[in-house]
Structures are given as structure tokens and as C-alpha cells.
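# A look at the structure
If you want the building blocks of each chain, they are given just below.
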Amino acid sequence: MAAGLTLFPGLATAAAAAGPATAPATAAAAPAAPGEATAKLAGGTIPGQPDLSGAFVPSGPTRLLDTRDGTGTGGDVRPVGQSPLLLDFSQVSGNSSVRPTAVVLNVTVTNPTGDSYLAVYPDNGVRPTTSNLNFSPGQTVANQVTVQVGSDGRVAFFNHVGTTDVIADLAGYFTLDKAASTFVANGPTRLLDTREGIGTGGVRAQVGDDASIGLQVAGVAGVPARNVTAVVLNVTATGPTGESFLTVYPSGNAVPSASNLNFSPGQTVPNLVTVPVGPDGKVAFYNHVGSTDIVADLAGYYVSGEPRTGGVFRNRGRPTRLLDTREGIGTGGVRAQVGENASIGLQVAGVSEIPARSVTAVVLNVTVTAPTAESFLTVYPSGSGVPSASNLNFSPGQTVPNLVTVPVGPDGKVAFYNHVGSTDVVADVFGYFSAGDELGLSALSFSQPTVDASTGTAAVTLTWTVTASNPEARQNGGTIVIRQQGDAPDTYVGQSRVVTFLQENSGYGGASFVSGNAASATYSYRFAVPRYAGAATAKWAVSLVTLHEIQTQQRQVLAGSALSGFGNVLTATSQVSTVTAIQPYLSLNLNGRPPYVYTGNNAYVSYSVGIQEQQSGFWKGMLRLTGPGGATLSASFENSTYDGQLNYPCQHDVNHPSCSALVLIPSTAPAGVWTVSEVTLTNNAGQSKSFTGLTSLPITVTSNETVRADGFAATPGELNSWMGPVAFKVSMYVSGAQNGVRSIELRWAGSCSQSSTYPGGGPNGSLAVSATLGQSRNGSPAACTLTGVAITDGAGNLALYGSDFFAPGIGVQVRGLPNTTPPTVTSAALKVTSIPQSQAPYPYFVLYAQVVAPVAPVNEFRCYLYDSTGKVVGQNFGGTTVGADGKALLFVPVPYGIAVGTYTVGFEIVDASWLSTGYGTPGGQPVPGGPLTLEVTEG
């Protein structure tokens, strides 16, 4: 079985610009829930299409995170510092079969202590070079965030400077696992302005203390009267009289414990809001304290059912900066603010991996910075007039971000209008919506509605036809997913089978192209119906179809009930599974590292689980660790196939897979020893079995709270190792150790090794251990970097430093002495100066050279024999050593058949650093004591 325990940094970092700010490259850690912290099943996206987030399910608004009271952190009440907080969204649907690909959140920071920014991003990679919120000490700032969910179901919240409380309210999620709503860009159009009586039946009045007003959205301003599930509004509070907040929620519901805008008296504050529509076609606006005017501009709406006129969401994974007027990004190199009563255009279609066609809207985080006047910014589709709407409001000198969802103009651009003064504008793209209204299915069915698979695997052909109404269509393709249905709608049992298809292609393990063209193409797939199930009857369904067309770049997603009008269900008679997995084989691959984990950086530990399940095969599993005080951590892993092959995190075959289980070790994990305490394995029949008493595979966890070290140094830091390995000391100051320091383990990148782990006394009260720098060779001085230090005290407490452990840095490098002085010769002589011609067949005669090599030893020579015309008639290259007397032996070649005459010897000596000096050679120095001649005589 493949094996492995591998430590990963929870969040790799990069030099990051946050809105207008810049983030340094620093390691990052995360507060997380104490006790049970679980990495949920991932896999909401499709292999090969990680950018496809699918359709939208409105939900909420629901508060999922509040660091002020421990909501979402398992009761851990603390602000967010420079350690990303990780929040698990994998179960937001309430159905383990419906997994989110991206979430829409209203994120609020409050009580910040520094001028900082917050970045929200998927917990599976590098922190982006963008931000979502910018704020100053004491401010309360909100912004909507649309963010891809990480492969472990988590989203990270990173604060750059100081600390801040963070609040996150869920507005909904995107998924590929059920029928949901698609987005129709529409606007910006003003639907509500309490100052003018717009949307209030002509009533001009602020919304009062602890009061709500309703706004009709269904059937208004181009929004359909039916099947509208949510609207996207840019909501602005202006002229407030109190320190308050505004909550936008579905009409008919109670006011939720969530908020969308926070403001102080006299402020004008905007925010993008995605809100479900109530059963009466309205949304409601609640003001908490005092009174305020409210403005709401429509950006678009989500619609369910047929016809599927909306677009599906495609995330950008890592946001990309498309516009920065300070740097000339997106402006053709022009560095200039947007002036008064002026607009600039920004090309978005066909830029930064956004398709050139069929993009209906883009999701941008727009930031204004360094404005010169009290003004507002409006983002709108290029080619249309400036609408009577706004997205950002600001005062001189402010930096204000806001998420904007804006339709794309017919030229593939969006425009930015500034009202008064001038301002710089920054725009980062987080995703976009792709139209799919020209794509559809005209047929989808199994060749028979039932099959008997109880005596062995049976094969049934699935056939479907894809249509494209645009005459420009050239080639269509997509993906189908087949799963065993569960007992409830939108639930499934067992691994998913992902099958790709492409017009004019029939791939191994995928579907076959049958006939047709881009307007109507038919495909087939031979589905091998599994023999074993959890009951005598199993229903297999096509749970998802994704469609794309290459020329028009349209995308369509049909999932769950959206496929119910077709023959997408196959009923199979099955043999009931009676076998579950046997005890798994667990292993860890340390890659030479000790089993230590530093939790300050949200370390992930990867376990390899070898599984055997001989009937229905393996589906999913859970691995649990138990640590000090009974605290537990766990990770889930799931099997799936992609064009007939197992897909990460499992490999090999369904009956004998080897799977990786990634366990998050959060910064709040108790320090000490953690061991594997339980593994639960579930087969494709939905039958589970738990195993305990397994190989414990202990790891030691620390956050350096007890034992600490600093002042790392190597003495000396530069050594002459050209002659051989050289010893040196690594010292450090250790504090907090109990019962002394038992060992100090060093890890190196380069040619150093540790001589002893037992510490001795170092300079000025420090501790030191011995190490060795390897010999310099191959022309380069040896060098190494200290990449890991593990300090264990007499009580077993551990402290970790260095990049090997994704722990605080060390900053120690050791290098060999570079050589800039080539070797020289003070004297040289031939052992024999005259030979008869008959001895020429003996190829070598000795030359003695007195060598001076102050840094690197001489270890190579080159000898040349020249005739009277200066022509080389013999040459020899080889290795040599210098004796204790400083002499080196060089061998002069005398070729067979050499003519009688006088010959001159030239030579070069080369040291271990590949510096050389020539004597008696063209361009070389004269031989000390005069030329070396060899006389060849007759006889």
C-alpha cells in the first residue's frame, strides 16, 4: 500500500496586495474549535472542471461565525490575528450528498486594532494577492464575499495587522449536486430610495428604530413574477441618526440574527446583498437603532425551473487583479485617477482566463482609494448610459471596498463612473456567470428501465443527445455523473462515477460519440451496473449533466430534479452486500522528518489508509486522532471514479484502494502526543464498520507555548571545507524548559549533518550542538541552510522552528569559504630530461611541481608536449595529490613513434574549486626556473 504521513502548511503564503494594501510573505496559523475538529468530505467540484461552481441555493441570512461569542469556533472566543481562521462550510446544505462549491457570505469586521485588511479564500492553497475588506482601528466594516470552498470544505479568513473580530452570515451556496437557481444579470436599476419615495409607494421617510419595510422585487424592473428565488441588490444606508446595522431578509420571515450593513450617524455605507425572496415576492429591510434612509439598486436575480435563462457561476479560485489605476493595470498602462463626471472601461471578457463569449456578468471586488472629494462610484455594463445607481460611496482620503456583480456589455467590458473629484479604482475578479440558454438535452435514457445484476455485473447502455441552438456552434461536450440514489430526494449512496464526453471523440473509460453535429450530438456510455448493494433493489440515476460548447463558450448545468423529465433512472436487482472492509493498513511517510507538528500554521497531516473490501468496494471513510485530554481531530476521505479510473484521494482499484486522509491540526490543538484512535470505513452499499486498536502512529504537536528558543546562530558561519568536512556549533537561547533540555535535533538543506543531539554549553549562556559542514567539491563551496530545529526538554515538551516544520524561521546559513586565489607553482622539474627514441612507447614520464594552494587543494593536472613549431604532439589529463612536501606528480605523455628532437613541456594545475594556472602553455605563465625540455635521441 502507498504510505504517508506528510506535513503540509495549512496555508501557503505569497506577497499579497490587499485592495490597495500589500501583504508580506509570512507564515500563517489559525484558531479553530477545540475538542472535535473535522475535515468533512470534499469533492463538490468535478475533476477537470474545478472552476465550475454551478447553480445557487439561497439560504439565510444565517450567522455561521462570530468570534465575539464563539459562534462557528466551537466556543473559542478570540479575535483573529495573523493566523487564518478556518471555517467549515461542508455541511451548510444539511445534506451530506449536496456539497457546496462556493458560498456567498456577508463578512463583517469589528473592533479592529490596526490599519489592516481581511482576505477570504479557499483553504487549499496560496493566500491570494487581493483582499475583501479594508479597515482602520475601531471601524465596523462589512462586505459581501463570494468564495470558493476549499477541498476540505473550509474557507480561510486572514487578517493582516493587529486583531479583529470577524462575523460571517451565509446568504447561500453554489452546488452541482442538486437542481438550483441560475443568475440573470439585470441592472443596475434603482428599486428603492426612501428619500424619494421610490419603492415605498411614494412615502418619503426613513426606516425607524427597530423597524422593517418591505420591497416588492418579483414582477418589478424585469424581474419575473414567478420562480425568482433570490435577488442581488446594492444596498446603501445614508443619513443615519444612530449607531446601527441593517439586515435584509426574505419577507414573511422573522428578523434573523444577521446583518448586512453597519454604520454610524451621518455615514453613507453601501454593501452588496444577496437575499432570498419571500413567498409574497418581497424582501424586507430592518434597521436596528435610530433611523436611516435606504437605497437599493438591483444587480440581478436568481431564477429556478424552466426555461433556464440564467447563467451558472464559475469561480476564479484565486482572485485576479484586472484594474488598478495607480499601476496602469487594465488601463493600457495609463496611471491616472478617474476624474470628475468621468467613466473608464475595463475589458473583462477574454481576459485572465475569462471566456471571450457568453459571459453575462462578473463578480468584482471594487475598491476606491485616495479620492479627492465626497463622491460615489457606479459600475455598469459598457455601452449603456450611466444609470441612476451607485455601488460605492466615499469621502476624501478613504479606502472603501465593495463587492459588485455587474452585467458585461456587448463589447465585453464594464465601466466605472466617478461622480465628483477624482479617485483611484482597483478591481479584482472573483468569478463570472456563463450563459447556457442555447444548450440543452433533447434525450437522456437508459436502454432499459430495469436490469438484474444480482448474479454478476450487468451492462446497460445510457444514451443522450445534446443540442445547441446557435448556428455558430462547432463542438459540444460535457460530463455526466451516475450515482446510486438514496432514500430521500437529492441523497446518494456510494461513489460517484464521472464520465466525460466530447463531440467526434470516444475516449478510453469515457463516453462514445454516436452521431450528429454541434446542433444535435448523440452520445452513449456502457454503464457496468454493480452487483452488490445495500438492498435487493437499487436505483441508479444520472445525477448531473454539465454541458459546454467550444465556439460560443456557453455552459449549462442540469442536476437532480432538473433531469427528472428524462429516463435517467435505472432500477437494478442486486445482491445484498454481506461483506464490509477488513482492518485497514495504516502507514505514514515522514520523508525523513520526525513525527512533529507545529500548529501555529494550521498543519495538515496526511495518513495513508490501505483498504480491502471484496464485494461492493470502498466508498468513504473517516480517520480520527485522539490527543491530550481526550481531544479529537478527524478527517474524511471519499472514493470516486473519473472516466473509469479512481480519482484523488484514492488510487488503485475500488476493492483494494489506498487513500489519503488529511487531518487538520489547528492552532488550538492541545500540545502533546496524538495517535490514531479510530478508522471508520463505509462501502458502496452504505454499510459502515469502525476499527480501533490500530497502529497508533503517534505524532507530537506543539505551538511553542511552553518551550521557546531564539538567537539561533552557527559558529563559525564560514568554513574552509575544501580539504574535507569541518565541524562547527549551532547555538540558541532556550527558555521555559522543564528538567533541562534533553535533545536538540537539527535538519538541514544542503551538505550539513548533525554530529550529536545532546546539547552543551554555548556562548553567553546559550545551548549548542555540534554539526559538520561537508567537503566542498565540484568547483563550488559547500553550503547549507538550517531548515528545522526540534527542542525536547526533560519533561517531553517540544518546540519546533524552521521551514521543515512550517514553524517560525531560524535564519541560519553555513557556507564553505569561497576560493578566489588560484594555485601556483614555485618550481618544476622533469625527472628525466632525455630519452632514447626506443623508450617512447612508455607513455608517461614524471614531472615534479612544487605547489602553493592556500585555499583549495590541487587535485587535477593537464600536461602538454609541444614540438619545435609549438604543435601539441602529446597531452594527458588526470588527477593528482600534493604530498606533505608540497610536491605534486604530473605525468608527461610521450607518444609512440615520436621523432628525434627537442620538445617543450607545458602544464596546468587545477584545484578543487576549479581554479587553474598554466605554465609553459599558450597564454600561461613562464615555468619557474625556465622552460622544461625533453630531448628525444636516436637509439
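So, here is what we can say about the structure in this document.

The rules behind the values
Residues numbered from 1 in each chain as written. Predicted model: local features only at pLDDT ≥ 70, side-chain atom pairs only at ≥ 80, totals over all residues. Heavy atoms only, no water. Helix = DSSP H or I, 4+ residues; strand = E, 2+ residues; numbered from the N terminus. Buried < 20%, exposed > 50% of the residue type's maximum accessible area, 1.4 Å probe, protein only. Pairing = 2+ DSSP bridges. Axes fitted to C-alpha atoms, helices over the stretch in contact; angles between N-to-C directions. Disulfide = S-S within 2.5 Å. Patch = residues over 30% accessible without salt bridge, like charges linked within 9 Å, V, L, I, M, F, W, Y side chains within 5 Å. Areas by Shrake-Rupley, 256 points an atom, 1.4 Å probe, with all protein chains shown as cover. Salt bridge = Lys/Arg side-chain N within 4 Å of Asp/Glu carboxyl O. Phe/Tyr/Trp six-rings, centres within 6.5 Å; stacked < 30°, edge-to-face > 60°.

## A closer look at unusual backbone geometry
Residues Gly-60 and Pro-61 are joined by a peptide bond in cis, for which omega reads 10°. Counting through the fold element by element, Pro-61 comes out in strand β5 (residues 52–66). The residue after Gly-187, namely Pro-188, is reached through a cis peptide bond having omega 5°. We note that Asn-227 has phi near 65°; this positive angle belongs to a residue other than glycine. Residue position: Asn-227 is located in the loop between β14 (211–216) and β15 (228–238). On the accessibility criterion, Asn-227 (40% relative accessible area) is partly exposed. Positive phi is not limited to glycine here, since Asp-490 has a value of about 60°. Relative to the helices and strands, Asp-490 resides in the loop between β32 (476–485) and β33 (492–502).

## Some remarks on the sheet that holds strand β17 (residues 261–263)
With antiparallel pairing, four strands are arranged side by side in an open sheet as β14-β19-β16-β17. Looking at which strands have only one partner, the edges of the open sheet turn out to be β14 and β17. Neighbour-to-neighbour, the strand axes of this sheet turn through a mean angle of 20°, independent of strand direction. Direction of pairing for strand β16 (residues 244–250) relative to strand β19 (residues 282–287): antiparallel, over a ladder of five bridges. Residue Val-248 lies in a different strand from β19, and its bridge partner there is Phe-285.

## Side note on the pairing of strand β20 (residues 293–303)
Counted residue by residue, β20 has 11 buried out of 11 residues, so it is predominantly covered. Bridge count for strand β13 (residues 182–193) against β20 is eight bridges, and the pairing is antiparallel. If you follow Thr-182 over to β20, its bridge partner there is Val-303. Examined bridge by bridge, β15 and β20 share 10 bridges and lie antiparallel to one another. Among the inter-strand pairings, Ala-237 is bridged to a residue of β20, identified as Ile-294.

## Side note on the state of the cysteines
Applying the stated criterion to the full structure yields two disulfides. Cys-650 shares a disulfide with Cys-659; S-S distance 2.1 Å. The chirality of the disulfide connecting Cys-650 with Cys-659 is right-handed, given an S-S dihedral of about 110°. We note that Cys-650, like Cys-659, is buried. The connectivity of the disulfide bonds within the chain can be written as 1-2, 3-4, using the sequence rank of each bonded cysteine.

## Structural notes on a nonpolar patch on the surface
On the surface, Tyr-844, Tyr-848, Leu-889 and Phe-891 cluster together into a nonpolar patch covering about 340 Å² of accessible area. Secondary-structure elements contributing two or more residues to the nonpolar patch are β65 (844–852) and β68 (887–893). As for its position among the elements, Phe-891 is in strand β68. In this structure Phe-891 comes out as partly exposed when scored by relative accessible area, which is 31%.

## Focus: the pattern of salt bridges
Going through the model one piece at a time under the given rule, you end up with 24 salt bridges. Between Asp-193 and Arg-190 there is a salt bridge, with the nearest N and O atoms lying 3.7 Å from each other. A salt bridge links Glu-196 to Arg-204; the shortest N-O distance between them is 4.0 Å. The exposure class assigned to Glu-196 is partly exposed, which follows from its relative accessible area of 44%. With a relative accessible area of 60%, Arg-204 lands in the exposed category. Within the structure, one salt-bridge network assembled from shared partners comprises Arg-63, Asp-66, Arg-68 and Asp-169.

## With respect to the packing of aromatic side chains
All told, the structure shown has 26 aromatic pairs when counted by the stated rule. Aromatic side chains Phe-728 and Trp-748 sit 5.7 Å apart centroid to centroid with 80° between the ring planes, which places their arrangement in the edge-to-face category. Here the residue Phe-728 occupies a position in strand β55 (residues 726–735), and Trp-748 occupies one in strand β56 (residues 741–750), the gap between them amounting to 20 residues. Both residues of the pair, Phe-728 and Trp-748, belong to the buried class. The rings of Phe-56, Phe-174, Phe-183, Tyr-302, Phe-313 and Phe-433 are connected pair by pair, giving a single aromatic cluster.

These figures come from the coordinates and say nothing about function on their own.
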